[in-house]
Each structure stands twice: as structure tokens, then as C-alpha cells.
Amino acid sequence: MGEPLPRFEDILEQVSAYNATCDEDLLRRAYVYSAMAHKGQVRVSGEPYLVHPLEVARILADMHLDEVAIATGLLHDLLEDTWVTETELESQFGEHITSLVKALTKISSMEQSFAARQAAQAETFRRMLLASAQDLRVILVKLADRLHNMRTLHFLPEEARRRRIAGETLEIYAPIAHRLGMGRIKAELEDLALEQMHPEEHRQLLDQLQQREENAGEIIEEIRTTIGRILQEHSIQGDVHGRIKHLFSIWTKLRRQGIGVDRIYDFLAFRIIVDTVPHCYAALGLIHQLWRPVPGRIKDYIAMPKANAYQSLHTSVIGPKGQPFEVQIRTRDMDEIAERGIAAHWLYKEGKAPSEDAERVAWLRSLVEGHQENPRDFLNALKLNLYPEEVYTFTPKGEVFAFPRGATPVDFAFRVHTEVGHHLVGARINGRLVPLRTPLSNGDIVEVLTSANQVPSRDWLEIAVTARAKNKIRSWLNRGEKEQAVDAGRRLLEREARKVGLALKQLREDNTLGRLAAEHGFGREDDLLAAIGFGRLSPRELLAPVVRTEPTLPQPMRQRPAKGGEAIIVVKGQRDMLTFRAQCCSPLPGDEIVGYITRGRGVAVHAAQCPNVRKLLFTPEREVEVEWGGDLGAYQVPLHVTFEDRPGMLAAISQAVTSADTNIRSCHLATDEHQIGTADLVVDVHGRDHLERVVGALRRVPGIGEVEAGPSQQARRLQLM
Ligand code: MN
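As the structure is a computational prediction, the values presented were derived from the model and not from experiment.

Rules behind the numbers
- Residues numbered from 1 in each chain as written.
- Predicted model: local features only at pLDDT ≥ 70, side-chain atom pairs only at ≥ 80, totals over all residues.
- Heavy atoms only, no water.
- Helix = DSSP H or I, 4+ residues; strand = E, 2+ residues; numbered from the N terminus.
- Buried < 20%, exposed > 50% of the residue type's maximum accessible area, 1.4 Å probe, protein only.
- Contact = heavy atoms within 4.5 Å.
- Areas by Shrake-Rupley, 256 points an atom, 1.4 Å probe, with all protein chains shown as cover.
- Salt bridge = Lys/Arg side-chain N within 4 Å of Asp/Glu carboxyl O.
- Pairing = 2+ DSSP bridges.
- Axes fitted to C-alpha atoms, helices over the stretch in contact; angles between N-to-C directions.
- Parallel < 35°, antiparallel > 145°, perpendicular 65-115°, else oblique.
- Left-handed = near helix turned anticlockwise from the far one by under 90°.
- Core = buried A, V, L, I, M, F, W, Y, C linked by side-chain atoms within 4.5 Å.
- pLDDT = per-residue confidence, 0-100.
- Phe/Tyr/Trp six-rings, centres within 6.5 Å; stacked < 30°, edge-to-face > 60°.
- Arc of directions from axis to C-beta.

## Here we look at the overall build of the protein
Here's step 1: Along the backbone of the protein there are 27 helices and 21 strands.
Here's step 2: Per-residue burial over the protein gives 50% buried out of 721 residues.
Here's step 3: Of all intrachain contacts in the protein linking residues separated by at least 6 positions in sequence, the fraction that spans at least 24 positions is 67%.
Here's step 4: A total accessible area of about 35,200 Å² is found for the protein, and carbon and sulfur atoms account for 50% of it.

Written as C-alpha cells, this is what we have:
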């Protein structure tokens, strides 16, 4: 089988070389126990099963991990594949290692249950995998396990199974390795997976490269010597390595550019390792003096590290004989991190988890937590964060913030400061006012505008992409909802009290309210009011025990003609019921609507999407079916437009509105100290489609930022009747 069998003693030696205080006894016990449990088992390759845990341990030792991780590697298949039970494992190796092995067993069983899965389920699986990794060592051992399985994948006879495992590696494990900064493992996983997924292309690529390599050897040497010489002339200590890029990266590039394997020419890469950061930049300058750089290919990841902490300078140049090649320049420390990522810092110190990795661990946690209630959000965040195509942006003062692609000024504002986010009203990108949903691009200078009166809007949840911004917005909204519910509850209770001849003030003063709260199990008066506001407690029932007079009968409902040409809404089966549009959502013809019977004012009609409806602030018995009547009139809808204050804007706005076949009923303009104009318009529309046309026409006007349709933030307060 070519490869020599790994010897435990070699692994032990390797570990003690980087970890002087290593617990050899633990490793030895784990090895012996694993050997005993796996005794007699054989892998598909024909080798004794023990080779697998030993190889996994060796990979973990290559990563320079601690003895807990390596022992876990030796024991990782015991619960799944042998007679060893959790209790026995725990009595031998304690709770911690057992919990790591259990997590790995769980991941493995998830893999099996997804064996027949669709591609879409990869996301679910990735999510569960991350969620089960309370200790990052679980993921690291899993990656080592996967790497060894990939190295021996060709022994598996069933092609379908090989392809499934390789596909899973590309979709799940390579991206995780990438996100943890483990460049070396990621590259190997990808190359091994490519071989299984596209065997023909993989073979052609290898052939082509082998042909080139014969000539390439010479040119690599020539370039290497030239670089070495010029570094020496400028007294820069540096090692230069030349190599052929890894197959998967060449293959993806060919795919992306739609070029055939025979036409690869950009396959050489050089790495220069120097001693200091200034020497990195000096070396870059020297390279550019020797060979012409390819425009747009110079990347400074030293000043702006990638989210996975990768740092390096990159450039591509046209070398001797027109041969293009890539150069990466970095210090030795940076190289360690680029190759080994999170594992580069991992060594156990005094039995404590390493703190340098707080940020990366926090990244994982922030993904796993904070999204529990909305799986779709979670998946989107995960996709964005696992494939971090970063966008680098600047504050006007030159501070750099990196974001996942697709991030918007809303993300930017919450990144600057939570309070800035809460009061965000607008943003300028490179000096121009833009809509808040504008995606940020590399190099953008972003200036956020705030106003003390502004509060977060539910719409921002759709606009923000970072977990940080979404969590902050959500938590503000939740807090806001409680306050609003207390408010609403107070109003409901006040009204009910008045109906039966009581005053809320008096109920509070003689402590009736406090007593009622306690009777219903509420510690604080506010909690009682919130329960009323949320519709969980009826104010009438609450007051029943203290009522002295009979409640007055509800007023009869009267039909009222639709005013101002407003469309008619019909309550199904009851043509003469009075209806009105709720101001919180002001539904338009074309919207799905629901009705709620109010006390004395008829039926309030909300848009089905209205958060007030979804919050079930009203009791379900009061819900009625409603529909739009036959003859649809015109609706007056308020529009709030933000724009760059410059000559001709008013004309442009009015022209845009007219072009969408409607009129401006009223218009109020204002300008503030940021040279931001706001226009509050009221326009006539026939329905949702028409409104969207008007808003679209406005958004297309250059210089217009936000266009908000419908009631203003303030008017969107809960409407309870
Ligand atoms: Mn395994």
C-alpha cells in the first residue's frame, strides 16, 4: 500500500517537539484503548482499521494541536464503530474527551442520514455541524478525519458514494477549512475532491501541467534566482518558493473564464517569505521593478486582512518570455496563519482554551446563536460568512471596515456604533446620497447621516446582511414592541375602565391595579399592561370583579359612504358593516387584507403582512374576512423622499410622479444642514401596482436617496381600538 503505516511512537515524538509539557500518558492510553477496540477491524483498503485513527492523529499533530485534540482523534470512531459505550469511554478518559467524541459521532450519524439527500440540504447539514461544535476541536478533528478519508477515497468501490463524499467535501468541509484560515488543508481537500467529481478534467489538467512542468522547472528556477538575487542586493532576508498552483484553483479559474485545459498559461505561483512587514512592501516594489504588474491584481491583505485573518501581499506580473505568474509576499508569522489558520494559535496554555482565537470562535458562535428563530436568515448569513468575498470600505476619516459582499449602509452604520445604527436616516457613498439598500463596493467611502428622531425600521431587517446589524435591529424592535404593548394595554384598560365608570388613575392610586396584577400572576404593573396590549388578557374580564355598574352596550354600527373616492372594502356576508383602513399599514387594492372588529368603530382593515396583525394583538374571535369592493377609486398615499439638495430636484420629482400617471396632491419640502432635502408628498394611486410604479419612477431619478411609501415611522405606531 505504498505509504508506510504510521507508528504511534513517531506521532508522540512529533507532538513533544512542539509541546514540551505534553501529557504523553494520555496519548498512550488513547492509542492502546483505540487499538484494542478496533482490533480485527479492516478498512476497505485492506489495512487494519487502526491506521485510520492513527493517521487522523498524525494530521492533528501536523496542525500542532494539543493532546486533547489528538486523543480525541485516536478515539473518534469508537462510539460509532466498536462495542465501546459512552459510560466506558467516560470512565477511561473523562467527560471532556467523551463529549468531543460524542459530538463527532453525532456529526457522522447526521452525514449518514443525509446520505440520500438533495444538494439543498447541504446547508442544513453545515448548520447542524457548526451548531454541534461547542468546542472548536470537534471541527478540527472532523476536518482531519475527512482529510484522511479523502486521501483514501479511491479505495471505495462504489462511484456514487465516492462522488457523494467528494461533493460533500467541496460544499461543506473545504469552505469551513477556508473560513478557519486553514489554507493547506482546504487546498488538499479541494484537489482530492476534484479528482472524484471531474476525473476526466482532473486527468487532463495533470497531463497538461506535467508537460508544462518539464519546461516550467527551468523557468521557475530562473525566476527564483532572479528574485533571490535582487532581495540580496537590497539586504532583505527572504526565502523564495516557486510552485505550480493547486489544481482546484486552476480548474475553477478555467471554468470561470470558459477556457479549455489546453490553454492554461497562468499556473505558476511564487511565495516570498521575509522577516518584517516593511520588507514585504520593499520586496513588492522590487518585483514590480523587475516585471510589469498586471493591473487590478495587486492586493494588500496586510493592511486589510481577510476575515479569516489571512495576511499577505499579492500581485501578478508578466515575467520573462511573457510568462505571467503570481507572487505572494508575507512574513513567516503570516505564512503560518495562512497555512494553518486557526490551528496556528491553538497550543494549549496552562489548560486554558487559547484566547487569541476569541475572534474566530466568536465568529462561529455569532453564526450559531442569534439566528435560532429564523432558519432562513441563518442560512443566508452562513453562506455569506463561509464564502467571504469581502468588501473593504472606509469611514470619511479613513478607518477600514470589511463586510461580506451585499452589505449595505445599514450594516455599515451598526458597525460604526449601535447608536449610529439606531438613528440612521441616510448615507452618502463617495459623497453621493444613496438609498439605504445600495450594496457597498470595494473602496467606498461611506458617511452615515443620523437624526435623533429616527428609530430602526422593520424594513431594515431585509436591507441588512450582517448578523451584527440584524441582531441589533431585531433586539431594538423587540424592546420597542414591549413598550408599545404596554402603551396599548394602558389605553385599552383606560377605555374599558371609563366605560364602566372607573378611572385608571384612581385604580392605580388605591392599589386596585397592583392587586389585580398580583392576582393574575404579574409581578409588575407593566407586565399586566403588556399582556393586555398583546391581547392575552381581556381588560373587561380583568375589571369584572371591581365593576360597580353595568357596562354600556356597544354602539350600533352605521354604514358610512366611502369618502374622497376611497375604494370600498366589503365584509364577506355582511354588506352593511362599516370598514376603515388601519393607519398602521394602510392597505391598498391589490394587497391581501384581513379585518378585525373594533369596539364601536366598525371593522379595521389591515394588510395581511401588517406586523400588528401578525402579533395577534387582537383576539382571534374578532377577525372577519374582508375583500376589496368592485369599484376601486383612488387612494391618497403619503410618500417620503430623501434627495440631494440641488437645483432642479423639485421639477425632476414632479416629472417622475407625472410620468407614472398620477398627481401630487400636496408637497412639503425641507432641507437640512447636510444638504439633504426631504419631500413629503401625497399622491393618488389606484392600488399597490400603481404605487410601485410611482415609487420606481422616483427611485430612478439621480440624486434621490430613500423613497418611503405609506405612513411615516411615527404614524406606524400600534393602532388599537
Ligand atoms: Mn473516522
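So, next bit.
## What to know about the pattern of salt bridges
Here's step 1: For the coordinates displayed, the defined rule picks out 38 salt bridges.
Here's step 2: Put simply, R28 and E24 hold a salt bridge, and the shortest N to O gap is 3.9 Å. With R28 and E24 both in helix α2 (residues 24-37) and 4 residues apart, the pair spans about one turn of that helix.
Here's step 3: Assessed through its relative accessible area of 34%, R28 is described here as partly exposed.
Here's step 4: Where salt bridges share partners, they join R184, R271, R330, D335 and E339 into one cluster.

## Describing the pairing of strand β2 (residues 268-274)
Here's step 1: Counting buried positions over the 7 residues of β2 gives 7, a clear majority of the element.
Here's step 2: Side-chain alternation along β2 places L268, F270, I272 and V274 on one buried face and A269, R271 and I273 on a second face that is also buried.
Here's step 3: Alignment of strand β1 (residues 238-244) against β2, held across 7 bridges, turns out to be antiparallel. Residue pairing across strands places H241 opposite R271, the latter belonging to β2.
Here's step 4: Of the pairings in the sheet, the one linking β2 to strand β6 (residues 324-331) comprises 7 bridges and is parallel in character. Pairing of A269 across the sheet is with E326, part of β6.

## Some points on the packing of helix α1 (residues 8-18) against helix α3 (residues 51-62)
Here's step 1: Between α1 and α3, the shortest axis-to-axis distance is 10 Å and the interhelical angle comes to 15°. As judged from the angle between their axes, α1 and α3 are roughly parallel. At the point where α1 passes α3, the crossing takes the left-handed sense. In this structure, α1 uses F8, I11, Q14, V15 and Y18 to contact α3, whose residues at the interface are L54, A57, R58, L60, A61 and D62.

## Some details on the environment of V546
Here's step 1: Counting through the fold element by element, V546 comes out in the loop between α24 (539-543) and β12 (569-571).
Here's step 2: Put simply, V546 and L502 are 44 residues apart on the chain and 9.2 Å apart in space, counted from C-alpha to C-alpha.
Here's step 3: The residues touching V546, leaving out its near neighbours within four places in the chain, are L502, T512 and R515.

## Some words on the nonpolar core
Here's step 1: Counting 64 residues, the largest nonpolar core has M63, L75, L89 and M182 as the members making the most contacts within it.
Here's step 2: Those residues in contact with L75 that lie beyond four places of it in its chain are A30, Y33, S34, L89, F93, I97 and V101.
Here's step 3: Of all hydrophobic cores here, the second largest spans 38 residues; its members include I230, I264, F267 and L284.

## Section: the sheet that holds strand β14 (residues 593-597)
Here's step 1: Taken in spatial order, the 4 strands of this open sheet run β13-β15-β14-β16, and their pairing is mixed. Only two strands of the sheet have a single partner each, and these edge strands are β13 (579-581) and β16 (623-624).
Here's step 2: Direction of pairing for β14 relative to strand β15 (residues 603-607): antiparallel, over a ladder of 5 bridges. Across the sheet, the residue bridging to I597 is V603, located in β15.

## Observations concerning the confidence of the model for the protein
Here's step 1: Chain-level statistics for the protein give a pLDDT mean of 80 and a share of 81% at 70 or above.
Here's step 2: Ignoring residues within four places in sequence, the model shows residues 348-357, a span with pLDDT below 50, making 10 contacts including any to other chains.
Here's step 3: The low-confidence segment residues 549-567 (pLDDT under 50) makes 30 contacts with residues lying over four places distant or belonging to another chain.

## What about unusual backbone geometry?
Here's step 1: We note that H64 has phi near 60°; this positive angle belongs to a residue other than glycine.
Here's step 2: Structurally, the position occupied by H64 is in the loop between α3 and α4 (67-75).
Here's step 3: Judged by its relative accessible area of 31%, H64 falls in the partly exposed class.
Here's step 4: Positive phi, normally seen in glycine, also occurs at N430, with a value near 50°.
Here's step 5: If you trace the backbone, N430 turns up in the loop between β9 (424-429) and β10 (432-434).

## Observations regarding the sheet that holds strand β21 (residues 704-709)
Here's step 1: Read across the sheet, 4 strands follow the order β19-β20-β18-β21 without closing on themselves; strand pairing throughout is antiparallel. Looking at strand neighbours, the two that pair on one side only are β19 (664-671) and β21, the edges of this open sheet. The average angle at which neighbouring strand axes cross in this sheet is 15°, direction not considered.
Here's step 2: Where β19 meets strand β20 (residues 676-685), 7 bridges bridge the pair, whose relative direction is antiparallel.

## Some words on the side chain of T331
Here's step 1: Take T331: it is sitting in strand β6.
Here's step 2: Judged by relative accessible area, T331 falls into the buried class, the value being 8%.
Here's step 3: Sequence-distant contacts of T331, defined by excluding residues within four places in its chain, comprise I273, V274, D275, T276, V277 and C280.

## Points about helix α14 (residues 332-340)
Here's step 1: Considered for burial, the residues of α14 that qualify are M334, D335, I337, A338, E339 and R340.
Here's step 2: Taken from the residues just after α14, G341 is the one with a positive phi, measuring 55°.

## Considerations on the packing of aromatic side chains
Here's step 1: According to the stated counting rule, one finds 8 aromatic pairs in the structure shown.
Here's step 2: Here Y33 and F93 contribute two aromatic rings whose centre-to-centre distance is 5.4 Å and whose plane-to-plane angle is 75°, an arrangement assigned as edge-to-face. Residue Y33 is located in helix α2, and its partner F93 is located in helix α6 (residues 86-113); the two are separated by 60 residues in the primary sequence.
Here's step 3: On the accessibility criterion, Y33 (8% relative accessible area) is buried.

## Digging into the environment of T152
Here's step 1: With respect to the helices, strands and loops of the structure, T152 is situated in the loop between α8 (136-151) and α9 (159-179).
Here's step 2: It is 9.1 Å that separates the C-alpha atoms of T152 and V44, two residues lying 108 residues apart in sequence.

## Describing helix α26 (residues 649-659)
Here's step 1: Regarding α26, the residues found buried are M649, I653, A656 and V657. End-on, the buried residues of α26 take up no more than an arc of 100°, which puts them together on one face. Seen from the open side of α26, the exposed residues pointing more than 90 degrees away from its buried face are Q655 and S659.
Here's step 2: If you follow the buried residues of α26, they end up packed against β18 (635-644), β19, β20, α27 (688-699) and β21.
Here's step 3: Count one or two residues on from α26 and you reach D661, which has phi positive near 60°.

## Some thoughts on the packing of α1 against α2
Here's step 1: Where α1 contacts α2, the axes come no closer than 11 Å and their chain directions differ by 155°. By the angle between their axes, α1 is roughly antiparallel relative to α2. Once α1 is placed against α2, the crossing between them reads as right-handed. Of the residues in α2, those in contact with F8, E9, L12, V15 and S16 of α1 are E24, L27, R28 and Y31.

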